Amino acid sequence: MFKYCLLPLVTVCIFFAIPNIFAQKVNEFPKKTDPLYKKVEMFDRLMLGNHWNEGAIMQHVIFPPAGLEQPIVGSQADCLDPTSEMLAAYSHKYAITKDTKDRKIANEIFEAILKLEKVTGVAGLVARSFNKTNEPLWHEEVMWYHEWHQSTSMPGYRWLGDLSADKFTSIFYGVGTFWELCADVEYKEKAAGLLDRFIGRVVDNNFKLTDLDGKMTLWGNFCPNLPHQELNSLEMLAALKVTHHITGKERYNAAYHMLIDRYHYDDHQINSKILFPKEWRNVGDDYHAARSLYMIMRLETDPSLLNKYRMNLNRHWYDWKDIEFTWESNIWFLMVYKVLTGEDIFTEEKKQGIKDMWGFERNTREFKIPQKDGSFKMVRSEEERTAAAMIRNYWFGRYYGIIDEKW
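Below or above, wherever it landed, is the structure these notes cover. As the structure is a prediction and not an experimental result, all values here were calculated from the model.

Let's talk about empty space enclosed by the protein
Line of reasoning, step 1. Across all of its chains, the model carries 3 cavities of 30 Å³ or more by this definition.
Line of reasoning, step 2. Volume-wise, the second largest cavity comes out at about 50 Å³.
Line of reasoning, step 3. Along its surface, the second largest cavity is lined by Gly124, Leu125, Val126, Leu163, Phe198, Arg201, Val202, Lys208, Leu209 and Thr210.
Line of reasoning, step 4. Of all the secondary-structure elements, those providing two or more residues to the lining of the second largest cavity are helix H7 (185-204) and strand E7 (208-210).

Next up, the structure:
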């Protein structure tokens, strides 16, 4: 049962009485007929202008009068995904342009991930999202289960806990890409430190994501002593491989081989992809597998293990080769497959799918805002979803020569 909280009364009065005082930062959208590079430039401005929360990238922004001027009202459980995607995007972009402005943006996004750790007050514990507010915001009660906390380490902030395996993957994928392509010496040390604390805490807790209370999170089970999904075996192996590569600490290499030699995670991960029945196929799981395979297969040198990871990739390709580009990351699956195998799989139809990539439409809908007396107030507002994956797809494709800059 929810215990409804609301903004302070004075805020609410301004919120509904004078909505026009709040101005949206960026309102210019591309046309679907525009060249790909122009669409990416314009969606990038929309993301940095409307979704930027102290470097973190909000997955969903609700504008006034249901939202606030700053982009901190909306569903936030998946904010680590667009944050890591934009971090990877700017890392790939910097690797091409060598523009210090691109590196600066990447650094600021990475600093936000550091803040996601700092706000919890526990070394290695990373929040899903944070907001600069002293009071609970209405979306906390209706857009996710109640895992918001008032920060003790950063007074004036609230943060969302109960991290899950997919956000775990976002962290080692995004931070690993940043370390590889963009970070200077100072930021390489910061990135290594973050992964050491974050992955180290998981290892110390017997390969479980644990929350502020020390208990395993709802979707945080990588534990060899507990039944878990095959995909989680792949994610943990990839995380350990990346962290060993970046930190150089033997404990992660030892943990990697222990999970393989004693618990056969290398065999389990082969079946990360559910193929039959067809209705059980899950594009979200495919995304986590694609990021994990992209990271681990470029680092592993053991032919036997590489063969097993390729078997996993082949199972995914059975589905991906005919996939429709209905989700922003579907196209990226094909790019990852090409990068990892070297196979020329981009037909003219698939290239056109890349050229047609799109970010989001700005929508208008009604939101049920809880009141102090337990009732709801219906408020109509505009909202935006995220284009971070599209932007990442573009710069990833540019970096690997899949996308022509003239497209």
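Once the structure has been displayed, the description carries forward.
Quick notes on the packing of aromatic side chains
Line of reasoning, step 1. With the rule as written, the count across this model stands at 29 aromatic pairs.
Line of reasoning, step 2. Aromatic side chains phenylalanine 43 and phenylalanine 360 sit 5.3 Å apart centroid to centroid with 65° between the ring planes, which places their arrangement in the edge-to-face category. Taken together, the positions of phenylalanine 43 in helix H2 (residues 36-50) and phenylalanine 360 in the loop between helix H14 (348-355) and strand E9 (363-370) put the pair 317 residues apart, joining distant regions of the chain. Per residue, the accessibility class of phenylalanine 43 equals that of phenylalanine 360, and both read buried.
Line of reasoning, step 3. The interplanar angle of 90° and the centroid separation of 6.4 Å between the aromatic rings of tyrosine 294 and tyrosine 400 together place this pair among those described as edge-to-face. Of the two residues, tyrosine 294 is situated in helix H11 (residues 283-297) and tyrosine 400 in the segment after helix H15 (388-399); the sequence distance between them amounts to 106 residues.
Line of reasoning, step 4. Judged by its relative accessible area of 27%, tyrosine 400 falls in the partly exposed class.
Line of reasoning, step 5. An aromatic cluster of at least three residues, connected via ring pairs, comprises Tyr173, Tyr287, Tyr294, Trp320, Trp327, Trp332, Phe333, Phe396, Tyr399 and Tyr400.
Line of reasoning, step 6. The lysine or arginine in question, arginine 291, covers the ring of tyrosine 287, its NZ or CZ lying 4.3 Å from the ring centre.

Let's talk about the nonpolar core
Line of reasoning, step 1. Formed by 110 residues in total, the largest nonpolar core has its most connected members in Phe168, Leu240 and Ile354.
Line of reasoning, step 2. Sequence-distant contacts of phenylalanine 168, that is, excluding residues within four places in its chain, are made with Phe198, Ile199, Val202, Leu209, Phe222, Glu235, Met236 and Ala239.
Line of reasoning, step 3. Residues Ile62, Ala66, Phe367 and Ile369 belong to the second largest nonpolar core, which totals 10 residues.

Here's the deal with the sheet that holds strand E5 (residues 148-150)
Line of reasoning, step 1. Read from one edge of the open sheet, 3 strands run E4-E6-E5, paired in antiparallel fashion. Since the sheet does not close on itself, it has two edges, and those belong to strand E4 (129-132) and E5, each with one partner. The sheet shows a mean angle of 25° between the axes of neighbouring strands, taken without regard to direction.
Line of reasoning, step 2. Bridging between E5 and strand E6 (residues 157-160) involves 3 bridges; their strand directions are antiparallel.

Topic: the packing of helix H13 (residues 330-341) against H15
Line of reasoning, step 1. Between H13 and H15, whose axes approach to 10 Å, the crossing angle comes to 25°. By the angle class used here, H13 and H15 are roughly parallel. Crossing of H13 against H15: the hand is left-handed. Two secondary-structure elements touch here, H13 through Trp332, Met335, Val336 and Val339 and H15 through Arg392, Asn393, Phe396 and Gly397.
Line of reasoning, step 2. Considered class by class, the residues forming the contact of H13 with H15 number 5 nonpolar, 2 polar and 1 charged.

Let's talk about the environment of phenylalanine 168
Line of reasoning, step 1. Turning to its location among the elements, phenylalanine 168 is positioned in helix H6 (residues 165-181).
Line of reasoning, step 2. For the pair phenylalanine 168 and leucine 209, spaced 41 residues apart in sequence, the C-alpha separation works out to 8.5 Å.

Criteria and thresholds
Residues numbered from 1 in each chain as written. Predicted model: local features only at pLDDT ≥ 70, side-chain atom pairs only at ≥ 80, totals over all residues. Heavy atoms only, no water. 1 Å grid on protein atoms, 1.4 Å probe; cavity = no way out; pocket = protein on both sides within 12 Å on 5 of 7 lines; lining within 4 Å. Points joined across faces, edges and corners; volume = space filled by probe spheres on them. Helix = DSSP H or I, 4+ residues; strand = E, 2+ residues; numbered from the N terminus. Phe/Tyr/Trp six-rings, centres within 6.5 Å; stacked < 30°, edge-to-face > 60°. Buried < 20%, exposed > 50% of the residue type's maximum accessible area, 1.4 Å probe, protein only. Lys NZ or Arg CZ within 6 Å of the ring centre and 35° of its normal. Core = buried A, V, L, I, M, F, W, Y, C linked by side-chain atoms within 4.5 Å. Contact = heavy atoms within 4.5 Å. Pairing = 2+ DSSP bridges. Axes fitted to C-alpha atoms, helices over the stretch in contact; angles between N-to-C directions. Parallel < 35°, antiparallel > 145°, perpendicular 65-115°, else oblique. Left-handed = near helix turned anticlockwise from the far one by under 90°. Nonpolar A, V, L, I, M, F, W, Y, C, P; charged D, E, K, R; others polar.

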